[in-house]
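Coordinate analysis (summary)
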Amino acid sequence: MAKQTIMVNELTNGVLDPNEPMLGPVRDGGVIIANTAPGCWGPMITPALRGGHEVTKPVYVEGAQVGDAIAVYIKSVVVTSSVVASGNEFTVPENFDGDPFVAGKCPHCGAKHPDTVLEGIGDASVRCAHCGAEIAPFKFTHGYTMAFDEKKTIGLTLTKEKAEEMAKNAKEVMAIPDESIQNPIVTFAPHDIVGNISRMRPFIGQLGTTPSVPMPDSHNAGDFGAFLIGAPHEYAIDNETLQKSKTDGHMDVNRVRQGAVVICPVKVDGGGIYVGDVHGMQGDGEIAGHTTDVSAVVTLKVKVLKGLRLDGPIILPLEEDLPHLGKPITEAEKKSARSMGKKLEISEFEQTAPISFVGTGENLNLAIDNGLERAASVLGMSVPEVKNRTTINGGLEIGRYPGTATITFLAPVNTLKKAGLFEIVKEQYGTD
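Below or above, wherever it landed, is the structure these notes cover. (Residues numbered from 1 in each chain as written. Predicted model: local features only at pLDDT ≥ 70, side-chain atom pairs only at ≥ 80, totals over all residues. Heavy atoms only, no water.)

**Comments concerning the nonpolar core**
Grouped together as the largest cluster of nonpolar side chains are 40 residues, with contacts concentrated most on Ile74, Ile204, Leu207, Val256 and Leu300. Setting aside chain neighbours within four positions, we find Ile74 in contact with Ile204, Leu207, Val256, Arg257, Gln258, Gly259, Ala260, Val262, Thr299 and Leu300. Within the second largest apolar cluster, 33 residues are counted, among which are Phe101, Ile176, Phe188 and Leu228. (Core = buried A, V, L, I, M, F, W, Y, C linked by side-chain atoms within 4.5 Å. Buried < 20%, exposed > 50% of the residue type's maximum accessible area, 1.4 Å probe, protein only. Contact = heavy atoms within 4.5 Å.)

Spelled out as C-alpha cells, the structure:
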C-alpha cells in the first residue's frame with residue numbers, strides 16, 4: 001500500500017539500477033524525507049562505490065508510468081554537516097581502469113572496487129583493505145577545508161592546523177549518514193585557501209528519476225554520461241542507449257534549491273525518485289569541478305503529471321533566481337505596454353510565464369542545443385523561436401562545466417496550456 005510519507009535512509013552503491021527493487025511506493029501527492037550523503041569527493045576516494053556519488057535508493061511513486069512526468073517540490077534542504085572539504089582534482093591512473101569515478105582498482109593486488117581502510121590523515125590515508133596499498137583514484141591539485149557557522153549562513157576556510165584537527169574527526173563533523181560507506185574527504189585536510197568567507201546557499205546537485213538502464217549515478221547526464229560510451233568496464237553503453245535512457249538527474253544547477261520545482265521525466269514505471277549531492281554553495285558552472293559537498297536532510301513533495309512526456313528535466317526556479325529578462329512581466333510593465341499599444345494600434349498582448357529547460361551534452365555547445373531542442377519539442381515551437389524568446393525574454397545559464405545548461409524564457413501561456421504545464425507554472429509564479 002502506498003504511503004503518504006516515506007523516510008529514506010538507504011543509499012545506493014553508486015549505481016542507479018532499474019532492475020533493483022525501489023523503496024515505497026509513496027502516494028501521488030506524498031512526501032519523501034531523505035537523509036543524504038555528501039557527493040563527489042567522498043565517493044571519489046571510495047572505490048567500492050561505483051558511480052562517483054552515493055545517492056538515496058530510488059522511491060516508487062504511485063501511478064507514475066513511462067511517458068508521464070513527476071513534479072518534485074523542494075520543500076526544505078537542511079544542511080547537517082559542520083565542516084567539509086573540496087577542491088580541484090587530478091587523477092591517479094594506476095588506481096582505476098578507464099574511469100576513476102566508476103572503475104577503481106588496487107594497483108598492487110589488482111582487486112576491483114576494493115574495500116578500503118583509513119590510516120591516519122592526508123591524501124595517502126586511503127588504503128586497500130586487502131593488501132594495504134595506497135589506492136585513492138583522485139587527489140587535490142588545490143583544495144580547502146571549510147567550516148560553517150551554526151546558522152548555516154557562511155563558510156570559513158581553515159588553516160592547516162585546524163584542517164588536520166577536523167580530519168581526525170572527519171565522519172562526525174561531516175555528519176556522514178550511518179548507511180554511508182564513503183571515506184570522508186575532510187580526512188585529506190586540504191588547506192590551500194585560508195580565511196576565505198563564503199555565503200551559504202544550499203541546493204541539490206542530484207535530483208531526478210531512475211534511468212532505464214543501469215547507470216553510474218554521477219554519469220546520469222549528457223556530459224559525464226559520455227564517459228560510458230565504449231568504456232572498458234561493465235557499465236559501458238553506446239551513445240544511442242545513453243541518449244534514450246538517461247534522465248539528467250545529475251544537474252548541479254544551483255537554482256535547484258528550497259522553493260523550486262523540478263519536473264522529471266519518467267523512463268521506468270514508478271519513476272524512481274532519488275536525491276543526493278547537496279552542495280553548501282556554488283556559482284554558476286561549478287568551474288572547479290567540485291564544490292562544498294554536504295550531508296543534508298531533504299524534504300520533497302511529489303506529484304504525477306500524466307501524459308507529459310519529457311526527455312529531460314524542467315525547472316521552475318524561485319522568482320528571484322530567474323534571469324532578469326525571464327522574470328514575470330509586472331503590472332506596471334503591462335500598463336506601460338498597453339499605453340504604447342494604443343499609440344501603435346496593438347490591442348492584444350502576449351500573456352507569458354517563466355520556464356527553464358535543462359540541456360546536457362558532452363560540451364556546453366551540445367548542452368545548449370539539447371536544451372533548445374527540448375524546449376521546442378515540449379512547447380511545439382521551432383528552435384529559432386526558442387532562441388529568439390530566450391534572447392529577449394530570458395537567458396542561458398551554465399549548470400555545470402563541461403556540459404549542463406539551462407534555457408530559461410517567458411513562454412506564451414497558450415503554449416504552456418497546450419503542453420499541460422500551465423497549472424503548475426501558475427502555481428509557482430501566480431501567473432494569470
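**Here we look at the packing of aromatic side chains**
One pass over the structure, following the stated rule, counts seven aromatic pairs. For the ring pair Phe101 and Phe224, a centre distance of 5.5 Å and an interplane angle of 70° mean the geometry is edge-to-face. Taken together, the residues Phe101 in the loop between strand 6 (83–91) and strand 7 (116–118) and Phe224 in the loop between strand 13 (215–216) and helix 4 (239–245) connect sequence positions 123 residues apart. Seen from their ring centres, Phe224 and Phe227 are 5.6 Å apart, and the 65° between their planes marks the pair as edge-to-face. The exposure class assigned to Phe224 is buried, which follows from its relative accessible area of 12%. An aromatic cluster is built from Trp41, Phe101, Phe138, Phe140, Phe188, Phe224 and Phe227, whose rings are joined through pairwise contacts. When the ring centre of Tyr73 is taken as reference, the NZ or CZ atom of Lys301 above it lies at 5.7 Å. The ring of Phe422 is capped by Lys417, whose NZ or CZ atom sits 5.2 Å from the centre of that ring. (Phe/Tyr/Trp six-rings, centres within 6.5 Å; stacked < 30°, edge-to-face > 60°. Helix = DSSP H or I, 4+ residues; strand = E, 2+ residues; numbered from the N terminus. Lys NZ or Arg CZ within 6 Å of the ring centre and 35° of its normal.)

**A look at unusual backbone geometry**
In this structure, the amide linkage connecting Gly24 to the following residue, Pro25, adopts the cis form with an omega of 10°. Checked against the element boundaries, Pro25 lands in strand 3 (residues 23–36). In this chain, Tyr401 is followed by Pro402 through a cis amide linkage whose omega measures 25°. Its place among the elements puts Pro402 in the loop between strand 19 (394–400) and strand 20 (404–412). In the Ramachandran plot, Ala175 falls in the positive-phi region, its phi being about 55° despite a non-glycine side chain. Inspection of the secondary structure puts Ala175 in the loop between helix 3 (170–173) and strand 11 (197–199).

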